[in-house]
Amino acid sequence: MTDTTSAAIVVEDATEEAVLAVAAASEAWARTSAAERARVIHVIADALDAAADDLIAIAEEESRLPQPRLTGELKRTTFQLRLFADVAQEGAYLDARIDRPAADWPMGAPRPDLRRMLVPIGPVLVFSASNFPFAFSVAGGDTAAALAAGNAVLVKAHSGHPRLSDATAAEIAAAVRAAGGPADLLRVIHGTDNGVAALRHPAIKAASFTGSIPGGRALFDIANGRTEPIPFYGELGSVNPAFVAPSASRRRAAEIAEGYLASLTGSQGQLCTKPGVLFVPEGSPILDELSAKPVPGPAPMLNERIQAGFVDALQALRAHKGVDVLRDSEWSLADPPEITLLCTTIDEVLAAPDALITEVFGPAGLVVTYTDAASLPGVARALNGQLTATIVADDGAEDDVDVARRLVPILTEKAGRLLWNQWPTGVSVTYAQQHGGPYPATTSPGTTAVGTASITRFVRPVAYQNFPDALLPDPLRDANPLGVPQRIDG
Ligand code: NAP
């Protein structure tokens, strides 16, 4: 046993060994060229694709998610690995800046030769998510970003899929060995206490997390309370409000209800971007459509903890005096559950926003009716930070456009991604994607957990002043041997 922190947490030998092994691998990986790193990451992605049948079979057993969903998720995961590897190799993310010496720099003193770029931050601890056993787990987005940026990764496996976590790690280890990458480039640990101990370990230089608000907040506080605080990128909770403007509500009620129900019930409502709250005009035909449209039957939740959390959160919301049931069934609170739709009014929400605008992780939504669209900006201002906010409106209808004009500046302050006439689930992995938002959506509103911009969570800037060319990193040299984008003299 080794005491490694100011808080005198005792680290299990196995965790200590894993942290130190990953730290050694991280040093070797950071020294490897971007092209070499990209080659190894491609080999990892190929190996995971080749092992798809075995991995998906374990994932089905442990996560209770259906096979087609898992097949698509693994495809997204290996695409993501390759995309991030290629983006890192291209080098724009390094943000290489070269200021050549300038004797007449208008600041009033000569400008020295200054060259700045981003370098790997060091070993990254990833707390993987329960609801994406591939895409936000051992080989998921955080791992892809950290590896592409030049860091080794220690994954705290989610207790919901331990065997899949080990099987994925074993495939990665074999692929890295075959490709000649550093041993221990990725390791997995299990156990809540071991995750905390690893987070406190001085060798860990950054951490990421996807899960609940209480869990993420507890770990964020630990990361910040260390003798050496480290960046902690937590993606926590969001209700993802959707606002339906009056004209769209009249003209497209059936289509809007159908789209909303599909987004709400996808993956049994166990998505962080589920549109949990829908604002519609009082008396809107959408209400009838929502009550009558066919919905998927009961399906098992990811694990017992999430099932129990869903029932508790739904019961608390149902018990609120201003909340009525719009749609439920005898299986609404059963295991497995069927969809529940609750409804309330905008006045009730404004009177108790924290009690009513709350994440219910599972197949449930809250419909909020308004009598005057002029009240929507006020309720938007009362919202906490969100991953997404959606506007459903007709661009040809002046009253809808007017509602949108007033909502957009407020929602821009509240959410990381704004949608127009589309639903927020199904987060595409692209260059421009933004999956984040002000707290409690995340603990780090300046970053994204999805898309290639997520790579820059796991780097830090270094400037070299007055260095000889031969001692500069390649991306900052005048000859630019790697051909990375350089910003020269501004
Ligand atoms: P969770 O309970 O927050 O757990 C996520 C990870 O953090 C797990 O590895 C867990 O370890 C660890 N952890 C949680 N609290 C901790 C603490 N106080 N100290 C140390 N480690 C801690 O999330 P979950 O099990 O995936 O789901 C629970 C709820 O989270 C859901 O009902 C939902 O509300 C929310 N959720 C949100 C998202 C999202 O995308 N934002 C995704 C999934 C879930 P153990 O596994 O060892 O307990």
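Residues numbered from 1 in each chain as written. Predicted model: local features only at pLDDT ≥ 70, side-chain atom pairs only at ≥ 80, totals over all residues. Heavy atoms only, no water.

1. Quick look at the overall build of the protein
- Along its length, the protein carries 16 helices and 18 strands.
- Looking at the protein as a whole, 56% of its 490 residues are labelled buried.
- Taking as baseline every contact in the protein between residues at least 6 positions apart, the subset at least 24 positions apart corresponds to 76%.
- By element, 54% of the accessible surface of the protein is carried by carbon and sulfur atoms, the whole surface being about 19800 Å². (Helix = DSSP H or I, 4+ residues; strand = E, 2+ residues; numbered from the N terminus. Buried < 20%, exposed > 50% of the residue type's maximum accessible area, 1.4 Å probe, protein only. Contact = heavy atoms within 4.5 Å. Areas by Shrake-Rupley, 256 points an atom, 1.4 Å probe, with all protein chains shown as cover.)

2. With respect to the sheet that holds strand β8 (residues 206–210)
- Strands sit in the order β7-β6-β5-β8-β9 across an open sheet of five strands; the sheet is parallel. Each end of this open sheet is capped by a strand with a single partner; those strands are β7 (186–189) and β9 (232–235). Direction aside, the axes of adjacent strands within the sheet are offset by 15 degrees on average.
- Of the strands in this sheet, β6 (153–156) and β7 touch helix α1 (residues 13–31), which is tilted by about 160 degrees from β7.
- The strands touched by helix α5 (residues 141–148) within the sheet are β5 (124–127), β6, β7 and β8, with β6 carrying the most contacts at an inclination of about 165 degrees. (Pairing = 2+ DSSP bridges. Axes fitted to C-alpha atoms, helices over the stretch in contact; angles between N-to-C directions.)

3. Brief notes about the domain arrangement of the protein
- According to the domain assignment, the protein consists of domain 1 (3–236 + 442–488) and domain 2 (242–420).
- On a C-alpha basis, the centres of domain 1 and domain 2 stand 34 Å from each other.
- Counting from both sides, the interface comprises 13 residues of domain 1 and, opposite them, 13 residues of domain 2.
- Regarding the contact of domain 1 and domain 2, the summed buried area is about 1100 Å², with carbon and sulfur atoms giving 51% of it.
- Counting across the domain 1 and domain 2 interface gives zero salt bridges.
- Taken together, the connections running from domain 1 to domain 2 amount to three residue pairs in polar contact (both at pLDDT 80 or more).
- In the side of domain 1 that touches domain 2, the residues fall into two nonpolar, seven polar and four charged. (Domains from an automatic or database assignment. Buried area = accessible area lost by both parts, 1.4 Å probe. Salt bridge = Lys/Arg side-chain N within 4 Å of Asp/Glu carboxyl O. Polar contact = N/O pair within 3.5 Å; in protein donor to acceptor, adjacent residues only side chain to side chain. Nonpolar A, V, L, I, M, F, W, Y, C, P; charged D, E, K, R; others polar.)

4. Considering the packing of aromatic side chains
- In this structure the tally under the stated criterion is eight aromatic pairs.
- Aromatic side chains tyrosine 233 and phenylalanine 458 sit 5.7 Å apart centroid to centroid with 90 degrees between the ring planes, which places their arrangement in the edge-to-face category. Within this pair, whereas tyrosine 233 is found in strand β9, its partner phenylalanine 458 is found in the loop between β16 (415–420) and β17 (459–465), the two being separated by 225 residues in sequence.
- According to the relative accessible area criterion, tyrosine 233 is buried, its value standing at 13%.
- Residue class for phenylalanine 458 comes out buried when judged on its relative accessible area of 0%.
- An aromatic cluster of at least three residues, connected via ring pairs, comprises Phe127, Phe209, Phe220 and Phe232.
- We note arginine 69 situated over the ring of phenylalanine 132; from NZ or CZ to the ring centre the distance is 4.6 Å.
- Seen from the ring of tryptophan 105, arginine 111 lies directly overhead, with NZ or CZ sitting 4.5 Å from the centre. (Phe/Tyr/Trp six-rings, centres within 6.5 Å; stacked < 30°, edge-to-face > 60°. Lys NZ or Arg CZ within 6 Å of the ring centre and 35° of its normal.)

5. Quick look at the sheet that holds strand β11 (residues 277–281)
- With mixed pairing, seven strands are arranged side by side in an open sheet as β12-β13-β14-β11-β10-β15-β16. A single partner strand is all that each edge strand has here, and the edge strands are β12 (324–327) and β16. Geometrically, the sheet is characterised by an average inter-axis angle of 25 degrees between neighbouring strands, direction not taken into account.
- Here helix α12 (residues 304–318) sits on the sheet in contact with β12, β13 (340–345) and β14 (364–370), set at roughly 35 degrees to β13.
- Relative to β16, helix α16 (residues 398–414) is tilted by about 150 degrees, and along the sheet it contacts β10 (242–244), β15 (386–392) and β16.

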